[in-house]
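Tertiary structure, described
These are the residues of each chain, in order.
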Amino acid sequence: MNRLKGKFIGDRKFYSMVLAVAVPIMLQNGLTNVVSLLDNLMVGRVGTDQMSGVSIVNQLIFIVYLSLFGGMAGAGIFTAQYFGKKDEKGVKDIFRIKFIIGMVLAAIGICVLWFGREPLISMFLHEGDASLSLDETMSYAKDYLGIMLIGLVPFAISQCVASTLRECSQTVSPMIASVAAVFVDLVFNYILIFGKFGAPALGVSGAAIATVMSRFVECAFLLVWTWKRRAQYGFITGFFARTPIAGSLWKQSISKGLPLLVNEFLWSLGVTMQVQCYSTRGLEVVAGLNIANTLNNVFNIAFLAMGNAVAIIIGQMLGAGKMKEAKDADTKLIFFSTVLCVGIGALLALAAPFFPLTYNTSSQVQHLATSFLLVMACMMPFCAFTNSAYFTLRSGGCTGITFIFDSVYMWCLVVPIAFVLSRFTDISVVPLYMLVQGTEFIKAVIGYALVKKGVWLRNLVAEEV
């Protein structure tokens, strides 16, 4: 018994180290998700058609957001190295590459979503509850999308600056910018959605305007803050200089960034395709999923933060050549994350019958949301396990394996099951959702086998030397 306890459970010092890493991530992500929840509640008070339109657009923009993260991440690997070498030109060149990548991806996203808005939105519109209007939902979605696209450019710039600052060991200013942005978003959502303090009641358009305002505030804060400290963060100066960027640096940045970009794009597209499959059962399903996902995102911060803790703690141990300690710590971290999410999943299940009642929608939508939340609560420990397994593999540089574990798995199993069941059977949406989400069991088994095999126990720094 004591042997098993020692294998899966650490001492007080171990958990102090884990929580020191995970809690700040939980707090920052928690703030963002709580504000998103309040925003969603405000739109949900306006009406179901409006909420469904916003939900569909956010699902589409989600793909662009993750593509931006993935596209910049590869180039960002080099920023920390150049910063450590005190190579200001290297940091500046990487910043310029990230900026160009961000602008290209934002432009592609804007063009695709604008010119393809009607067919893309229509993919999610299917007859169901007679009280819901497909035409009105389409109208609300188009209005919301048209405004939201304005915020993609400042969002891309913010991600470029914020990620570079973090890679230069500056984490406080991006967090402050994020706090300022969510505050602006929350306040102006309340004012513009409902028409408070003499402002017009703009509904979903007001929600979009508030979000775009928050994007510009975040972008402006980061640019001004960095410019005032340009002596320390010189990458912000001389940005438009005609000094060419070395072709080898472009090649390295693209070779590292392309796999991450493709993975993020395919994974987010797979998530969106699942929602599209569920939507074939009626527009009320889109509304129910929106409500459920909003609350679930708040509860998910625990295992997402634990995944980041795994990447940081295990990565440091591997880099120091402490293979045995890394394997031991990883077992304890995965066990802790999984057990933690058993408790958090139970709390989510308790909240499931009550949270949907806060929305101004039909009893059918509320019932669907509750059912989805109960499934999410049951699956949370398995999601925590697979998430920790993913970051374990990534900490050892197994990018090919993680790509298969993440995106290939999504497109070879999860999406085909959702597609076949939604198109070729009459199964109702809740059992359909349960079966698709149940594929996480298989992924957990695969993750367990890969982690146990130890393919991730690699010291990348030593290999490079």
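Refer to the structure printed above.
This text gives an overview of the structure that appears in the document. (Residues numbered from 1 in each chain as written. Predicted model: local features only at pLDDT ≥ 70, side-chain atom pairs only at ≥ 80, totals over all residues. Heavy atoms only, no water.)

**Digging into the packing of aromatic side chains**
Scanning all chains against the criterion turns up 12 aromatic pairs. Grouping aromatic residues by their ring pairs yields a cluster made of Phe14, Tyr15 and Phe336. We note Lys443 situated over the ring of Phe405; from NZ or CZ to the ring centre the distance is 5.0 Å. (Phe/Tyr/Trp six-rings, centres within 6.5 Å; stacked < 30°, edge-to-face > 60°. Lys NZ or Arg CZ within 6 Å of the ring centre and 35° of its normal.)

**Observations concerning the side chain of Gln366**
Mapped onto the elements of the fold, Gln366 is located in helix α13 (residues 363–395). Residue class for Gln366 comes out buried when judged on its relative accessible area of 14%. With residues near it in sequence (within four places) discarded, Gln366 still touches Pro356, Leu357, Tyr359 and Thr361. (Helix = DSSP H or I, 4+ residues; strand = E, 2+ residues; numbered from the N terminus. Buried < 20%, exposed > 50% of the residue type's maximum accessible area, 1.4 Å probe, protein only. Contact = heavy atoms within 4.5 Å.)

**Some remarks on helix α8 (residues 172–194)**
Think of an α-helix as 3.6 residues a turn; residues three or four steps apart then line up on the same face. Between its first and last C-alpha, α8 extends 33 Å over 23 residues, near the 33 Å set by a 1.5 Å rise per residue. Its maximal kink placed at Phe188, α8 deviates by approximately 25 degrees. Within α8, burial applies to Ser173, Pro174, Ala177, Ser178, Ala181, Val182, Val184, Asp185, Asn189, Ile191, Leu192 and Ile193. Two residues or fewer past α8, Gly195 is found with a positive phi of approximately 75 degrees. (Expected span 1.5 Å × (residues − 1). Bend = angle between axes of the 7 residues up to and from the residue.)

**Points about the side chain of Ser52**
When you line up the elements, Ser52 lands in helix α3 (residues 48–84). For Ser52, a relative accessible area of 0% puts it in the buried group.

**Quick look at unusual backbone geometry**
Phi is positive for Phe197, which is not a glycine, with a value near 55 degrees. The topology assignment puts Phe197 in the loop between α8 and α9 (204–228). For Phe197, a relative accessible area of 73% puts it in the exposed group.

**What to know about a nonpolar patch on the surface**
On the surface, Leu31, Val172, Met175, Ile176 and Val179 cluster together into a nonpolar patch covering about 380 Å² of accessible area. With four residues, the single largest contributor to the nonpolar patch is α8. Looking at the element boundaries, Met175 is found in helix α8. (Patch = residues over 30% accessible without salt bridge, like charges linked within 9 Å, V, L, I, M, F, W, Y side chains within 5 Å. Areas by Shrake-Rupley, 256 points an atom, 1.4 Å probe, with all protein chains shown as cover. Salt bridge = Lys/Arg side-chain N within 4 Å of Asp/Glu carboxyl O.)

**Topic: the packing of helix α4 (residues 88–115) against helix α7 (residues 152–167)**
Close contact between α4 and α7 brings their axes to 9 Å; oriented N to C, the two are set at 155 degrees. Relative to α7, α4 is oriented roughly antiparallel. Remark: the crossing between α4 and α7 carries right-handed chirality. On α7, the residues touching Val91, Phe95, Lys98, Phe99, Gly102, Met103, Ala106, Gly109 and Ile110 of α4 are Leu152, Val153, Ala156, Ile157, Cys160, Val161, Ser163, Thr164 and Glu167. Split by residue class, the contact of α4 with α7 holds 12 nonpolar, four polar and two charged. (Axes fitted to C-alpha atoms, helices over the stretch in contact; angles between N-to-C directions. Parallel < 35°, antiparallel > 145°, perpendicular 65-115°, else oblique. Left-handed = near helix turned anticlockwise from the far one by under 90°. Nonpolar A, V, L, I, M, F, W, Y, C, P; charged D, E, K, R; others polar.)

Treat this as a map of the structure, not an account of what it does.
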